[in-house]
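Each chain, letter by letter, is given below.
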Amino acid sequence: MSQITVQRSLPEQSSLAAAQALLSAAVEHWDDTPAADQYVQQALATDSNLEVLISAYRYYFYKSNAAMALQMAIAVCRYVQQREHWPSDWAELQPILLSQIEMQSARLYISAYAASGVLQARLGNLALAETIANQVQQLQAKEFGADMLLSILSSPAEEEDD
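Being a predicted model, the structure only gives us computed values, none of them experimental. Counting restarts for each chain: residues are numbered from 1 in the order of the written sequence. Residue-level local features of this predicted model are given only where pLDDT is at least 70; pairs of side-chain atoms are given and counted only at 80 or more, and the full residue set underlies all totals for whole chains, interfaces and linings. Remark: hydrogens and water are excluded; side-chain values derive from all non-hydrogen atoms of the structure.

(A) Structural context of the overall build of the protein chain. Secondary structure assignment for the protein chain yields eight helices and zero strands. Under the scheme used here, helices are H or I runs from DSSP no shorter than 4 residues and strands are E runs no shorter than 2 residues, and both carry numbers assigned from the N terminus. The linear arrangement of helices and strands in the protein chain, starting from the amino end, is α-α-α-α-α-α-α-α. Throughout this description, buried means an accessible area under 20% of the type-specific maximum (1.4 Å probe, protein chains only), exposed means over 50%, and partly exposed covers the range between. Buried residues in the protein chain amount to 38% of all 162 residues. When checking whether two residues touch, look at their non-hydrogen atoms; a contact exists if any pair is within 4.5 Å. Pairs at least 24 residues apart make up 49% of the contacts formed inside the protein chain by residues separated by at least 6 positions. Here the accessible surface of atoms and residues is derived via Shrake-Rupley with a 1.4 Å probe, and residues count as covered only by protein chains that are part of the display. With an accessible surface of roughly 10300 Å², the protein chain has 51% of that area assigned to carbon and sulfur atoms.

Okay, here's the thing in structure tokens:
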């Protein structure tokens, strides 16, 4: 049995290495958010492969920049959809995800999609967050947090004491 080795072309290797170096610089400058943000943006401009998109998502999420984290989560979803040639319509996509729920691509897509629901809620887009959570819940995979998000979204708002 022969092994197939996937090698990147030299330009792909160098752009990924450059993006990784920029992401490392962002980590080194974590406490200087404007500088770290610049490094992440440069990394995205250098190479927007899946690894870079996920790293940028994590960076923005942990920096509490929900708007940018949402953009990265959506970019991850689009990247996986394009790579797998999946439809964008949920009615067509749902059965594919259900049939491939144990596959890495499907799990990554669902994780990013569920994260986009959480981020939509953080940004105040509650109806969209609920729609996303309902769709993820249809996949019957509790590890993606849809039940919890729906529970939070459907709980009555607490009144603040004056």
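That was the structure; now back to the text.
(B) How the structure looks around the packing of aromatic side chains. Ring pairs are drawn from Phe, Tyr and Trp, using the six-membered ring of Trp, whenever the two centres fall within 6.5 Å, and their geometry is named by plane angle: stacked under 30 degrees, edge-to-face over 60, tilted for the rest. Within this structure, the stated rule accounts for seven aromatic pairs. Centroid distance Phe 61 to Tyr 62: 5.3 Å. Interplanar angle 90 degrees. Geometry classified as edge-to-face.

(C) The arrangement of helix 8 (residues 146-154) in detail. The set of residues buried in helix 8 consists of Ala 146, Leu 149 and Leu 150. Down the axis of helix 8, the buried side of the element spans an arc of 100 degrees, and every buried residue falls inside it. In helix 8, the exposed positions angled more than 90 degrees off the buried face are occupied by Met 148 and Ile 152. Its buried side turned inward, helix 8 meets helix 6 (104-122) and helix 7 (126-137). In this description, one arc is meant: the one made by directions from the helix axis to the C-beta atoms.

(D) Summary view of unusual backbone geometry. At Ser 64, a position not held by glycine, the phi torsion is positive, near 60 degrees. Mapped onto the fold, Ser 64 is located in the loop between helix 3 (50-62) and helix 4 (66-84). Judged by its relative accessible area of 59%, Ser 64 falls in the exposed class. One non-glycine residue, His 85, adopts positive backbone phi at about 60 degrees.

(E) A look at helix 2 (residues 33-46). Helices are assigned an expected span. That span is 1.5 Å times one less than the residue count. A rise of 1.5 Å per residue sets the reference length of helix 2, with its 14 residues, at 20 Å; its end C-alpha atoms lie 20 Å apart and thus fit the reference within 8%. Taken residue by residue, helix 2 has Ala 35, Ala 36, Val 40, Ala 43 and Leu 44 as its buried positions.

(F) Structural view of the packing of helix 6 against helix 7. Fitted lines through C-alpha atoms serve as axes, helices being fitted only where they are in contact, and the angles separating the N-to-C directions of these axes extend from 0 to 180 degrees. With their axes 7 Å apart at the nearest point, helix 6 and helix 7 run at an angle of 155 degrees to one another. With respect to helix 7, the axis of helix 6 lies roughly antiparallel. Crossing of helix 6 over helix 7 shows left-handed handedness. Residues Ile 110, Tyr 113, Ala 114, Ser 116, Gly 117, Gln 120 and Ala 121 of helix 6 lie in contact with helix 7, whose contacting residues are Leu 126, Leu 128, Ala 129, Ile 132, Gln 135 and Val 136. Class assignment for the residues of the contact of helix 6 with helix 7 results in nine nonpolar, four polar and no charged. Put simply, angles under 35 degrees are roughly parallel, angles over 145 are roughly antiparallel, angles from 65 to 115 are roughly perpendicular, and the rest are oblique. Here is the rule for handedness: rotate from the far helix to the near one, and if that takes an anticlockwise turn smaller than a right angle the crossing is left-handed, while a clockwise turn gives right-handed. Gly falls in the polar group here, along with every residue not listed as nonpolar (Ala, Val, Leu, Ile, Met, Phe, Trp, Tyr, Cys, Pro) or charged (Asp, Glu, Lys, Arg).

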